[in-house]
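Remarks on the overall topology
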Amino acid sequence: MIKRIPIAALKVGMYISDLNNDWIPHNTQRKKGVIKREETIEKIRRMGVQYVYIDVEKGLDAQDAETAQEVDQRNEQALQNAGEQRPGIQHKVALTEEIVIAQRIHSQAQGLVGSFMNNVKMGAAIDIAPIHQLADELQNSVLRNANALSCLGRIREKDNYLLEHSVNLSVLMSLFGNYRNLPADVLHQTVVGALLHDLGKILTPDDILHKPGRLTAEEFEVMKLHARHSRDILASTEGIGEIAVITAAQHHEKLDGSGYPEGLKGEEITEYGRMVAITDVYDAITSDRVYHKGMTPSQGLKKLLEWSGDHLDPELVKQFIRCIGLYPVGSLVLLESGRLGVVVETNDQDQRLPVVRVMYHTRFRLPITVETIDLSRAGNQDRIVRAVDPEDYKLDVRKFLA
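Residues numbered from 1 in each chain as written. Predicted model: local features only at pLDDT ≥ 70, side-chain atom pairs only at ≥ 80, totals over all residues. Heavy atoms only, no water.

Formed by 95 residues in total, the largest nonpolar core has its most connected members in Leu-196, Leu-304, Phe-320 and Leu-340. Apart from residues no more than four positions distant in its own chain, Leu-196 is found in contact with Phe-116, Ile-128, Ile-131, Ser-230, Leu-234, Ile-240 and Ala-248. Judged by nonpolar contacts, the second largest core, of 22 residues, contains Ile-16, Leu-19, Val-56 and Ala-62. (Core = buried A, V, L, I, M, F, W, Y, C linked by side-chain atoms within 4.5 Å. Buried < 20%, exposed > 50% of the residue type's maximum accessible area, 1.4 Å probe, protein only. Contact = heavy atoms within 4.5 Å.)

This part covers the pattern of salt bridges. Opposite charge on two side chains lets them pair, provided their charged atoms get close. Inspection of every chain in the model, using the stated rule, returns 27 salt bridges. The partner of Glu-306 in a salt bridge is Arg-4, and the shortest N-O contact between them spans 3.1 Å. Of the two residues, Glu-306 sits in helix α11 (residues 297-306) while Arg-4 sits in strand β1 (residues 2-6), which places them 302 residues apart along the sequence. Here Glu-306 matches Arg-4 in class, with each residue buried. Ionic pairing is found between Glu-262 and Arg-231, a salt bridge with its closest N-O pair at 2.7 Å. Here Glu-262 is found in the loop between α9 (242-249) and α10 (271-285), whereas its partner Arg-231 is found in helix α8 (residues 217-235), with 31 residues between them in sequence. Salt bridges here are not isolated pairs; linked through shared partners, they connect Arg-4, Glu-66, Arg-74, Lys-303 and Glu-306. (Salt bridge = Lys/Arg side-chain N within 4 Å of Asp/Glu carboxyl O. Helix = DSSP H or I, 4+ residues; strand = E, 2+ residues; numbered from the N terminus.)

Turning our eyes to something else, we now look at the packing of helix α4 (residues 129-154) against helix α5 (residues 161-179). Viewed as axis vectors pointing N to C, α4 and α5 meet at an angle of 130°, and their least axial separation amounts to 10 Å. One element, α4, and the other, α5, form an angle in the oblique class. Read as a crossing pair, α4 and α5 show a hand that is left-handed. Residues Leu-138, Gln-139, Val-142, Leu-143, Ala-146, Leu-149, Ser-150 and Gly-153 of α4 lie in contact with α5, whose contacting residues are Asn-168, Ser-170, Val-171, Ser-174, Leu-175 and Asn-178. Residues of the contact of α4 with α5, tallied by class, amount to seven nonpolar, seven polar and no charged. (Axes fitted to C-alpha atoms, helices over the stretch in contact; angles between N-to-C directions. Parallel < 35°, antiparallel > 145°, perpendicular 65-115°, else oblique. Left-handed = near helix turned anticlockwise from the far one by under 90°. Nonpolar A, V, L, I, M, F, W, Y, C, P; charged D, E, K, R; others polar.)

What follows covers the layout of surface pockets. In this structure, the largest pocket encloses a volume near 790 Å³. In terms of lining residues, the largest pocket is bounded by 30 residues, among which Asp-72, Met-295, Gln-299, Lys-302 and Lys-303 are the most central. Secondary structure elements with two or more residues in the lining of the largest pocket: β2 (15-18), α2 (68-82), α11 and β10 (384-388). The element that contributes the greatest number of residues to the lining of the largest pocket is α2, accounting for seven residues. In the lining of the largest pocket, the residues fall into twelve nonpolar, six polar and twelve charged. (1 Å grid on protein atoms, 1.4 Å probe; cavity = no way out; pocket = protein on both sides within 12 Å on 5 of 7 lines; lining within 4 Å. Points joined across faces, edges and corners; volume = space filled by probe spheres on them.)

Assignment of secondary structure puts Thr-362 in the loop between β8 (355-361) and β9 (366-374). There is a polar contact of 2.7 Å between the side chain of Thr-362 and the backbone oxygen of Gly-338. Setting aside chain neighbours within four positions, we find Thr-362 in contact with Leu-334, Gly-338, Leu-340 and Tyr-393. (Polar contact = N/O pair within 3.5 Å; in protein donor to acceptor, adjacent residues only side chain to side chain.)

So, about the sheet that holds strand β3 (residues 33-34). Strands belonging to one sheet form pairs held by backbone hydrogen bonds; the direction of such a pair is parallel or antiparallel. The antiparallel open sheet is built from five strands, whose spatial order is β3-β2-β4-β1-β5. In this open sheet, the two strands that pair with only one neighbour each are β3 and β5 (66-67). When β1 meets β5, the two strands line up antiparallel, connected through two bridges. Bridging across to β5, Lys-3 finds its partner in Thr-67. (Pairing = 2+ DSSP bridges.)

This paragraph deals with the environment of Met-117. Checked against the element boundaries, Met-117 lands in helix α3 (residues 95-122). When the C-alpha atoms of Met-117 and Asn-20 are compared, they prove to be 32 Å apart, with 97 residues separating the residues in sequence.

Moving on: the packing of aromatic side chains. Per the stated rule, a full pass over the model turns up three aromatic pairs. A centroid spacing of 5.4 Å and a plane angle of 70° characterise the contact between Tyr-282 and Phe-320, whose relative ring orientation is edge-to-face. Of the two residues, Tyr-282 is situated in helix α10 and Phe-320 in helix α12 (residues 314-324); the sequence distance between them amounts to 38 residues. Taken together, Phe-176, Tyr-282 and Phe-320 form an aromatic cluster joined through their ring pairs. Across the ring face of Tyr-51, the terminal group of Arg-4 is positioned such that the distance to the ring centre comes to 3.9 Å. (Phe/Tyr/Trp six-rings, centres within 6.5 Å; stacked < 30°, edge-to-face > 60°. Lys NZ or Arg CZ within 6 Å of the ring centre and 35° of its normal.)

Once that is clear, we can look at the pairing of β1. Pairing of β1 with strand β4 (residues 51-55) involves five bridges; the strand directions are antiparallel. Bridge pairing in β4 places Arg-4 opposite Tyr-53.

Here the focus is empty space enclosed by the protein. This structure, assessed with the given rule, holds six cavities of 30 Å³ or more. Computed from the structure, the largest cavity encloses a volume of approximately 280 Å³. Lining the largest cavity we find 22 residues, and of these Ser-150, Leu-172, Leu-175, Ile-324 and Val-329 sit closest to its centre. Of all elements in the fold, only α4, α5, α10 and α12 reach the threshold of two or more residues within the lining of the largest cavity.

Right, dumping it as structure tokens:
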């Protein structure tokens, strides 16, 4: 049986099944095994871990601890509660129309951010104007139909994580900022900051940045410097606003002070820093990387809720969930009919009734004719039972998103 315990209850002899620290970027440390020394517990505590999961059949028990199933049920209920309110962004054009424009913007964004990083690395002249123009085009696409760029954000290759993460983070920040009605100039700067938040990684040695195995403690300290590098590079770049610099600088800060580069706590972290911390963690934990298999969108949202309070702003997490939907684009859901469908478009009025693209029947364990269904349409009686993991059915949902 798997249980969740606070770090204070962790003892030598217990078997850790999950360190529960996927919110730590570039976390390649071993996550399972028997605790043999007190020093190991102290090391885990210094990472900022508040709760871990233990396997009581492989090590010592914790009698009064919650089971993993109880924790998941509580997170699921919290997710449902957070998703009760309707999303704040109304779609103005059809997904089929906007997806064509979004594909151009998405491709252009990766190329432009990559070029910008390369110019900085080579010491070439920096022209920030194209980044500002890209941020405007991206925001306009989100306002027309946010589902288009959201779909493309789920069609990713782990070998191109750095650029795709930067672009997707800017999409999420645009969604989040629009939902929260940030002033236009402020929203623009947060998008620019998100696009360039990992700029400092150009100063991270390649053997550390692209290391497929576990980072040593010393290597991880070097990796963490990228947030400070991003701040310093952007602060010295003409035409970059202060909020853009703050957004990039604070994307790894955590409420309990366990983040970096400054170890800021609570209200010391700006509103924009707390927002980008949420979007950064969500995109990172739901993405496939060389050393990390991404969670499903629903699993990712529940983890945000679990890490709220200690690491992430609880109220902003709830707002983010309402912003991207109870079943975010890219979620695989089981319908009452037994069919599986991937969410391709959220519903402006009711998060429980998105547009899904069905492709598989669970009762027959067979593929079916691909069909796009709007669950909100009158006469459509099919409803979502729950979100499911594509791995359980050996499905690649990326094939059905665009």
